[in-house]
Amino acid sequence: MEKILKLGIPKGSLQNATINLFKRSGWKINIEGRSYFPDINDDTIECALCRAQEMSINVESGVIDAGLTGLDWIAEHESDVHVVADLIYSKVSARPARWVIAVANDSSIKTLEDLAGKTISTELVKFTKRFFRDRNIDVNVKFSWGATEAKIVSGLADAIVEITETESTIRAHNLRVIHEVMETNTQLIANKTAWENPAKREKIEQIAMLLQAALVADKLVGIKMNVPENKIARIVSLLPSLNAPTIATLYQSDWFSVESIIDTGLVRDLIPKLLKEGAEGIIEYSLNKVL
């Protein structure tokens, strides 16, 4: 079958999370050794590994038709691409990451203005320069190849602009955040010419729909139980659901089967309440996709 789409998979910290997300969406991506062209169980897609930092450049140029990268790297390069979908997932948590400005705990720097004339280390160089230029604050921005938090500890920088989800690494290096410069999450982006191609666009939209469905399902679970007739009203009143719960009579019985889809964060407290109110045979099950 003819290949329709060249798809960029982010190499690095998001690689495993991305492959797992595609797996839940129905695509199995297999990376063997050091190959930059993984196999995928879809004859219409050709995969290519690409660093997230470079993805938007390659998508804009048309080397890759579509790919996944952070909003931060699109902003860094001011890439002219079509953003197809927000995909909030990561290796740590299911929430957007933040780029923050951090300084040493004992630093006298408290505000952005205090950074005038100071040296800032970051991987997000272009964006950081624009950020301070727009505020008429003159700073010296240096590119960091990694271990950015250590630049302050070693005296190579007065401050850093670094990405964080939990701030645990920042705190571990005895640093404190003084300002948030950007919130970022993963984006599915497409080359604008590819987006205008009907066959490529249909494939990209299919990928976006199923990836988003898998992310929604990751936050939900199904729950099923048996409930006696005299308890049904009370049990149903306890159940949050996407719509109304599904209720079916059990064969030759005055019991009902009740099924609902609920938020994973509610299950822990809900199940004891359901048991207390008379539900029996409670089953909780995971979901692959919710559309």
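Residues numbered from 1 in each chain as written. Predicted model: local features only at pLDDT ≥ 70, side-chain atom pairs only at ≥ 80, totals over all residues. Heavy atoms only, no water.

An unreviewed UniProt entry lists the chain under the name ATP phosphoribosyltransferase, with Desulfobacula toluolica given as the organism. Regarding the chain, the UniProt comment filed under Function (unreviewed entry) reads as follows: "Catalyzes the condensation of ATP and 5-phosphoribose 1-diphosphate to form N'-(5'-phosphoribosyl)-ATP (PR-ATP). Has a crucial role in the pathway because the rate of histidine biosynthesis seems to be controlled primarily by regulation of HisG enzymatic activity." (UniProt positions renumbered as here; feature names shortened; annotations may be inferred.)

A. Spatial organisation of the packing of aromatic side chains. Evaluation of the coordinates by the stated rule reveals 4 aromatic pairs. With centroids separated by 5.3 Å and ring planes inclined at 80°, the aromatic side chains of Phe131 and Phe132 adopt a geometry described as edge-to-face. Across this residue pair, the class does not change: Phe131 and Phe132 are buried. Residues Phe143 and Trp145 carry aromatic rings whose centres are separated by 4.8 Å and whose planes lie at 90° to one another, so their mutual orientation is edge-to-face. Over the ring of Tyr36 we find Lys11; its NZ or CZ atom is 5.3 Å from the centre of that ring. Of note, Arg135 hangs over the ring of Phe131, and the distance from its end group to the ring centre comes to 3.7 Å. (Phe/Tyr/Trp six-rings, centres within 6.5 Å; stacked < 30°, edge-to-face > 60°. Buried < 20%, exposed > 50% of the residue type's maximum accessible area, 1.4 Å probe, protein only. Lys NZ or Arg CZ within 6 Å of the ring centre and 35° of its normal.)

B. Structural view of the sheet that holds strand S14 (residues 246-249). Pairing is antiparallel across the open sheet formed by 4 strands, whose spatial order is S14-S15-S13-S16. Each end of this open sheet is capped by a strand with a single partner; those strands are S14 and strand S16 (280-286). Averaged over all pairs of adjacent strands, the angle between their axes in this sheet comes to 15°, without regard to strand direction. In the sheet, strand S13 (residues 220-228) pairs with S16 via 5 bridges, with the strands oriented antiparallel. Considered in S16, the bridge of Ile223 is made with Glu284. Across the sheet, helix H10 (residues 264-276) is in contact with S13, strand S15 (255-263) and S16; its angle to S15 comes to roughly 155°. (Pairing = 2+ DSSP bridges. Helix = DSSP H or I, 4+ residues; strand = E, 2+ residues; numbered from the N terminus. Axes fitted to C-alpha atoms, helices over the stretch in contact; angles between N-to-C directions. Contact = heavy atoms within 4.5 Å.)

C. Region of the structure containing the environment of Arg201. Locating Arg201 in the fold gives a position in helix H8 (residues 198-218). A relative accessible area of 31% means that Arg201 is categorised as partly exposed. Once the C-alpha coordinates of Arg201 and Phe256 are considered, the two residues, 55 residues apart in sequence, prove to be 45 Å apart. Apart from the residues within four sequence positions on either side, Arg201 is in contact with Ala194, Trp195 and Glu196.

D. Region of the structure containing the pairing of strand S12 (residues 186-190). The buried fraction of S12 amounts to 5 of the 5 residues, a majority that puts the element mostly inside the structure. Alternating positions in S12 separate into two faces, Thr186, Leu188 and Ala190 on one and Gln187 and Ile189 on the other, with burial throughout. The sheet contact formed by strand S5 (residues 66-70) and S12 spans 5 bridges and is antiparallel. Paired with Gly70 across the two strands is Thr186, which belongs to S12. Pairing of strand S6 (residues 82-87) with S12 involves 5 bridges; the strand directions are antiparallel. Bridged to Ala85 within S12 is Leu188.

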